[in-house]
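Chain and residue survey
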Amino acid sequence: MHQSTPRPLIAARPSGPLVTSHATGLRVPGDKSISHRALMFGALAVGETRITGLLEGEDVLRTAAAMRALGAEVIQDGPIWRVAGRGVGGLVEPSDVLDMGNSGTAARLLSGVLASHPFFSVMTGDASLRARPMRRVTVPLAACGARFTSRDGGRLPLAIEGARDALPLDTTTSVPSAQVKSALLLCGLNAPGLTRVVEREATRDHTENMLRHFGADVSVEVDGHARIITLRGQPELIAADVVVPGDPSSAAFPIVAALLVPGSRVVILGVGLNILRTGLFTTLREMGARLEIRNPRVEGGEKVGDIVAEYTELRAVDVPPERAPSMIDEYPVLAVAAASARGITRMRGLKELRVKESDRLAATAALLQVNGVRVEIEGDDLLVWGDGAAPKGGGHVQTHMDHRLAMSALMLGLSTESPVGIDDASFIDTSFPGFVSLVNGTIGNGGGDALRAA
Ligand code: S3P
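We now turn to the structure provided with this report.

The rules behind these values
- Residues numbered from 1 in each chain as written.
- Predicted model: local features only at pLDDT ≥ 70, side-chain atom pairs only at ≥ 80, totals over all residues.
- Heavy atoms only, no water.
- Helix = DSSP H or I, 4+ residues; strand = E, 2+ residues; numbered from the N terminus.
- Rg over C-alpha atoms; globule rule 2.2 N^0.38 Å.
- Buried < 20%, exposed > 50% of the residue type's maximum accessible area, 1.4 Å probe, protein only.
- Areas by Shrake-Rupley, 256 points an atom, 1.4 Å probe, with all protein chains shown as cover.
- Lys, Arg positive; Asp, Glu negative; His and termini not counted.
- Charge placed at Lys NZ, Arg CZ, Asp CG, Glu CD.
- Contact = heavy atoms within 4.5 Å.
- Near = heavy atom within 4 Å.
- Polar contact = N/O pair within 3.5 Å; in protein donor to acceptor, adjacent residues only side chain to side chain.
- Nonpolar A, V, L, I, M, F, W, Y, C, P; charged D, E, K, R; others polar.
- Domains from an automatic or database assignment.
- Phe/Tyr/Trp six-rings, centres within 6.5 Å; stacked < 30°, edge-to-face > 60°.
- Lys NZ or Arg CZ within 6 Å of the ring centre and 35° of its normal.
- Expected span 1.5 Å × (residues − 1).
- Pairing = 2+ DSSP bridges.
- Axes fitted to C-alpha atoms, helices over the stretch in contact; angles between N-to-C directions.
- Parallel < 35°, antiparallel > 145°, perpendicular 65-115°, else oblique.
- Salt bridge = Lys/Arg side-chain N within 4 Å of Asp/Glu carboxyl O.

**Some remarks on the overall build of the protein chain**
The secondary structure content of the protein chain amounts to 12 helices and 23 strands. In terms of C-alpha radius of gyration, the protein chain reaches 21 Å, essentially the compact-globule figure of 22 Å for 454 residues. Each principal axis of the C-alpha atoms in the protein chain carries an extent, and together these give about 60 × 45 × 45 Å. Out of the 454 residues belonging to the protein chain, those deemed buried represent 60%. Taken as a whole, the protein chain presents about 16,300 Å² of accessible surface, with 50% of it coming from carbon and sulfur. Here the protein chain holds 46 positive side-chain charges and 50 negative ones, and the gap between their average locations is 2 Å.

Here's what the structure looks like:
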């Protein structure tokens, strides 16, 4: 689990391009959202769920530990994770505090599960997670009969007294958040009757897909941008095999690096292409990126494909606010790409970025500013000026316990005139174990240590 010693790192222009052979390509770790859900659904199903391609990052390992503490058997068996579930409503009171580390997804989704289990539990996390808002889930979940006690501002540690006979929820989510939607649906699993969740803007639908995959009765009605999700409570979830695709949010980093480093061409195999996750790829294409999807297919109920990204001179774009949910985790790395594009890129409607692992809106602006890029925050929009050439670089970036800021800053440093330093690379392990060696391994001409200890 997470070490508290910071790991400063430096990224310098590599001596060669980033390249992978078409036959072997590279694989990024499993999708974080799907990995958390697979473990939780496995624990709530009857029988043994086998998960292939699980992200073995710290965030997901926290979920695995929590499901064990709640009575499920979770075993790593080589490349397969086996979960022996306890059935809907069958989890047991944990004997200690559940520590969710850096993971907002784990904390939010688990609040929903625990709200409709009739026992007492306490959740905490690291300094980043303890600063994040939880009321967005606890307020609507309380309607099922659960009681939540937290620190001031609804922050962790959070004590939960789960409802004895949970009532089904009928709610519209207050923010466009798949975490909130999923918490409400997971709560509804152990409430009789119909749970209804309305979201005004569509967010990633991995929970809905997995509910179906495990045999629950769930329907989704599309009404313009909105979705109405109805779940019949207290189903018998049947254990199912889950194949976790590569995480598109992780693939984003080597893709942007390839677009920025002249002569590069990388192939990334088996990346998840759920339409509610691919806003970055749409945006990069609008910027002129040479980005191709090969072998589109469906694996384990999710769309998957191989991505080929090649160096391109990018142009600025205006990213509409309605695209935000489909690329919410990708704005820091898009901002890095925008800094090398020609023109002013405007990313609109980024309010939710303020409550991620860090205030990502402010931190992304600071990341670019210390490296000689002109940026402005106007309301909830981020503006980045690029002149079609690589930025100056030479800055030292504060990553605020945020893995995506760390990886974005390092990708910037691969193209800048002077190297870019970061204060701490250790949080990268929450979502992308092996990131440094994977990126260094793609650098041709024997220049494989562009990312190195500072
Ligand atoms: C996630 C949803 C997103 C995303 C997070 C994973 C999920 O958060 O930022 O990394 O797995 O549901 P919000 O739903 O709060 O936007």
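**Observations regarding the environment of L353**
You can see L353 is positioned in the loop between strand 18 (342–347) and helix 10 (360–369). Put simply, L353 and A363 are 10 residues apart on the chain and 9.7 Å apart in space, counted from C-alpha to C-alpha. Excluding residues that lie within four positions of it along the chain, L353 makes contacts with I328, Y331, S358, D359, R360 and L361.

**As for the site of the ligand**
Contacts to the ligand come from K32, S33, R37, T105, S177, A178, Q179, R204, I328, D329 and K356. Measuring from an oxygen atom of the ligand, one finds a side-chain N or O atom of S177 at 2.9 Å. The separation between an oxygen atom of the ligand and a polar main-chain atom of Q179 is 2.9 Å. Those elements that provide at least two residues to the shell around the ligand are helix 1 (32–44) and helix 5 (178–188). With 3 residues, the single largest contributor to the shell around the ligand is helix 1. Taken together, the residues that form the shell around the ligand break down as 2 nonpolar, 4 polar and 5 charged. Structurally, the shell around the ligand is a two-domain feature, drawing no fewer than three residues from each of domain 1 (9–29 + 245–453) and domain 2 (32–231).

**Some details on the packing of aromatic side chains**
The tally for this structure, following the rule as stated, stands at 3 aromatic pairs. Aromatic pair F432 and F435: ring centres 5.0 Å apart, planes at 70°, arrangement edge-to-face. Ring pairing ties together the aromatic residues F253, F432 and F435, which thus form one cluster. Just above the ring of W385 sits the side chain of R374; from NZ or CZ to the centre is 3.8 Å.

**Brief notes about helix 3 (residues 104–115)**
Note on helix geometry: an α-helix contains 3.6 residues per turn, so any two residues three or four positions apart are oriented the same way. Along its 12 residues, helix 3 runs 17 Å from first to last C-alpha, staying within 8% of the 16 Å computed at 1.5 Å per residue. Along helix 3, 12 of the 12 residues are buried, which leaves the element largely enclosed by surrounding structure. When helix 3 is considered as a whole, its buried residues turn out to be G104, T105, A106, A107, R108, L109, L110, S111, G112, V113, L114 and A115.

**Details of the sheet that holds strand 15 (residues 290–299)**
Read across the open sheet, the 3 strands follow the order 14-16-15; overall the sheet is antiparallel. Edge positions in the sheet fall to strand 14 (265–272) and strand 15, since each has one partner strand and no second. Strand-to-strand twist across the sheet, computed as the mean angle between neighbouring axes with direction ignored, equals 15°. As defined by bridge partners, strand 15 adjoins strand 16 (residues 302–310) across 8 bridges and the pair is classed as antiparallel. Within the sheet, the bridge partner assigned to R297 lies in strand 16 and is V304. Across the sheet, helix 7 (residues 248–260) lies against strand 14, strand 15 and strand 16, angled at about 165° from strand 14, the strand it touches most.

**Quick word on the side chain of D126**
Along the chain, D126 falls in the loop between strand 6 (120–124) and helix 4 (135–142). Side-chain polar atoms of D126 contact the backbone nitrogen of L129, separated by 2.9 Å. Sequence-distant contacts of D126, that is, excluding residues within four places in its chain, are made with G101, N102, M401 and F427.

**Thoughts on the packing of helix 7 against helix 9 (residues 331–338)**
Interhelical geometry of helix 7 versus helix 9 gives an angle of 0° and a closest axis separation of 10 Å. It follows that helix 7 is roughly parallel to helix 9 by the angle criterion. Across the interface between the two elements, A252, F253, V256 and L260 from helix 7 touch V333, V336 and A337 from helix 9. Class assignment of the residues belonging to the contact of helix 7 with helix 9 gives a composition of 7 nonpolar, no polar and no charged.

**Some details on the pattern of salt bridges**
According to the stated counting rule, one finds 31 salt bridges in the structure shown. Of the charged contacts, one joins D31 and R277 as a salt bridge, the two residues approaching to 2.8 Å between their closest N and O atoms. In this pair, D31 is assigned in the loop between strand 1 (9–11) and helix 1 and R277 in the loop between strand 14 and helix 8 (279–286), connecting sequence segments 246 residues apart. Assigned by exposure class, D31 and R277 land together as buried. Two residues, R204 and D329, come together in a salt bridge whose shortest N-O distance is 3.6 Å. Remark: D329 occurs in the loop between strand 17 (318–319) and helix 9 and R204 occurs in the loop between strand 10 (194–199) and helix 6 (206–213); sequence separation between them is 125 residues. For R204, a relative accessible area of 10% puts it in the buried group. A residue is classified by how much of its surface remains accessible, and D329, at 11% relative accessible area, is buried. If you follow the salt bridges from partner to partner, you end up with R132, R204, D329, E357, R360, D402 and R404 in one network.

Geometric descriptors of this kind do not, in isolation, establish any biological role.
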